[in-house]
Amino acid sequence: MRPVLFEIPKIGPLGPIPIHSFGVMVLLALVVGVLIARKRCSRYGITFDQISDLAFWTMIAGVLGARVLFLVQDMGYYKNHMNEVFSFKFQGMTSFGGPLFAAGAMWLWARKQKLPTSRVFDLLAPTFIAGHVLGRFGCLLNGCCYGGVCPTGFPFGIHVDGSPLLHQPAQVYDAAMNLVVLFVLLWREKSGLSPWRLTGMTLVLHGLTRFIYEFWRAGSVEQVRTGEASSTYWGSLPITQAQGFAIAVMVLGAVVGRQSRRAFAQNAGTPATSE
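All of these numbers come straight from a predicted model, not from anything done at the bench. (Residues numbered from 1 in each chain as written. Predicted model: local features only at pLDDT ≥ 70, side-chain atom pairs only at ≥ 80, totals over all residues. Heavy atoms only, no water.)

Student: Requested: an account of the nonpolar core, with residues and values cited.
Tutor: Judged by nonpolar contacts, the single largest core of 24 residues is most densely connected at Ile-46, Ile-51, Val-120 and Leu-123. Counting residues per element, the ones that place at least two in this core are α1 (21–40), α2 (48–73), α4 (97–113), α5 (117–142), α6 (170–189) and α7 (197–213). Ignoring sequence-local partners within four residues, the contact set of Ile-51 consists of Val-34, Ala-37, Arg-38, Cys-41, Ile-46 and Leu-123. (Core = buried A, V, L, I, M, F, W, Y, C linked by side-chain atoms within 4.5 Å. Buried < 20%, exposed > 50% of the residue type's maximum accessible area, 1.4 Å probe, protein only. Helix = DSSP H or I, 4+ residues; strand = E, 2+ residues; numbered from the N terminus. Contact = heavy atoms within 4.5 Å.)

Rendered as structure tokens:
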């Protein structure tokens, strides 16, 4: 856990300036995402220069969306703590708000560039997963999104918030699952997929990993099992809000993938078949 990597010493009236680990990982995710997209962009008829422009606006929208949706989720708290709404610390962000706003930015960018929206989404789908992997390591350094208390003798626990107890490194588990998803997507892409197919696969697989991750996350499923009240749950359902969103994402991905196969089969003049 290292929320601040280092500080830039005080120079005149400026400083010291803390360099936050999560911010560094966000920038690293942007660089890696651009490299992955540039290596594959010719497949989708998008230029190197367009990739840089698209990446910039997508990142801005993603960070904004992650913060806005978190504020909406915890509106009850922030009504009484308005001074924390515009905090510039990397605290209080949700991984679902980022992709939602980023998707809107991608759609608007595609319209402006007069490009098929499917090309933009299929191109950036694997880069989103790569960014999520690096973002989770940012969470690990930042000391957020950790797992529940480890059982006695567990060898991979981490210390958080000055607690003497060891917690599950849930961020690492989620990163590992999504790293596997990234390799699966890049492998399947090489076989040639119909428009929107890669996007649909990304939604299904990422939704699945998020659903699983919630079973490790501190203060989630354990509260339902012990009968503790929590605003993160949907009514009396034994799932968290995040798991509900994850299910919705998987359903959306399945619908997108099915429609992609149908459209491809119609264009080819052959009946659609299930895989």
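Student: If you had to explain the packing of aromatic side chains to someone new, which residues and values would you point to?
Tutor: The full count for this structure, using the stated rule, is five aromatic pairs. Relative to Phe-156, the ring of Phe-154 lies with its centre 5.9 Å away and its plane at 80 degrees, an arrangement referred to as edge-to-face. What makes Phe-156 exposed here is its relative accessible area of 54%. An angle of 75 degrees between the planes, with centres 5.6 Å apart, marks the rings of Phe-211 and Phe-215 as edge-to-face. Residue placement shows Arg-136 over the ring face of Tyr-213; its charged tip is 4.5 Å from the ring centre. (Phe/Tyr/Trp six-rings, centres within 6.5 Å; stacked < 30°, edge-to-face > 60°. Lys NZ or Arg CZ within 6 Å of the ring centre and 35° of its normal.)

Student: Can you explain a nonpolar patch on the surface? Please cite residues and give values.
Tutor: Taken together, the side chains of Phe-6, Ile-8, Ile-11 and Ile-17 present a nonpolar region at the surface, about 380 Å² in accessible area. Within the element layout of this structure, Ile-11 appears in the loop between β1 (4–8) and β2 (17–20). Given a relative accessible area of 61%, Ile-11 falls into the exposed group. (Patch = residues over 30% accessible without salt bridge, like charges linked within 9 Å, V, L, I, M, F, W, Y side chains within 5 Å. Areas by Shrake-Rupley, 256 points an atom, 1.4 Å probe, with all protein chains shown as cover. Salt bridge = Lys/Arg side-chain N within 4 Å of Asp/Glu carboxyl O.)

Student: Describe the pattern of salt bridges, listing the residues and the values that go with them.
Tutor: Counting across every chain of the model gives four salt bridges. With a shortest N-O distance of 2.8 Å, Arg-40 and Glu-189 are connected by a salt bridge. Highlighted residues: Arg-40 in helix α1 and Glu-189 in helix α6, separated in sequence by 149 residues. Judged on exposure class, the residue Arg-40 and its partner Glu-189 are both buried. Residue Arg-217 pairs with Glu-214 through a salt bridge whose shortest N-O separation is 2.7 Å.

Student: Requested: an account of α5, with residues and values cited.
Tutor: Across its 26 residues, α5 extends 35 Å between first and last C-alpha, which sits within 8% of the 38 Å expected from 1.5 Å per residue. Positive phi shows up at Gly-143, right after α5, with a value of about 80 degrees. (Expected span 1.5 Å × (residues − 1).)

Student: A description of the environment of Thr-199 should follow, citing residues and the corresponding values.
Tutor: The topology assignment puts Thr-199 in helix α7. A C-alpha to C-alpha distance of 8.6 Å links Thr-199 and Leu-123, two positions 76 residues apart in sequence. If sequence neighbours within four positions are ignored, Thr-199 has contacts with Phe-121, Asp-122 and Ala-125.

Student: Go over the side chain of Thr-127, please, and point to the residues and values.
Tutor: With respect to the element layout, Thr-127 can be found in helix α5. On the basis of relative accessible area, Thr-127 is assigned to the buried category, the value being 11%. Those residues within four positions of Thr-127 in sequence are excluded, and the remaining contacts are Gly-33, Ile-36, Ala-37 and Arg-40.

Student: Let's hear about the state of the cysteines: which residues, and what values?
Tutor: By the definition in use, this model includes zero disulfides. Among the cysteines around Cys-139, which has no disulfide bond, Cys-145 carries the closest sulfur, lying 3.8 Å off. You can see Cys-144 has no disulfide; the closest cysteine sulfur is in Cys-145, sitting 3.8 Å from it. For Cys-144, a relative accessible area of 21% gives the class partly exposed. (Disulfide = S-S within 2.5 Å.)

Student: So what's going on with unusual backbone geometry? Residues and values would help.
Tutor: For Lys-114, which is not a glycine, the phi torsion comes out positive at approximately 55 degrees. Topologically, Lys-114 is positioned in the loop between α4 and α5. Look at Lys-114 and you get exposed, because its relative accessible area is 74%. Although it is not a glycine, Trp-196 adopts a positive phi angle of roughly 80 degrees. Looking at the secondary structure, you find Trp-196 in the loop between α6 and α7.

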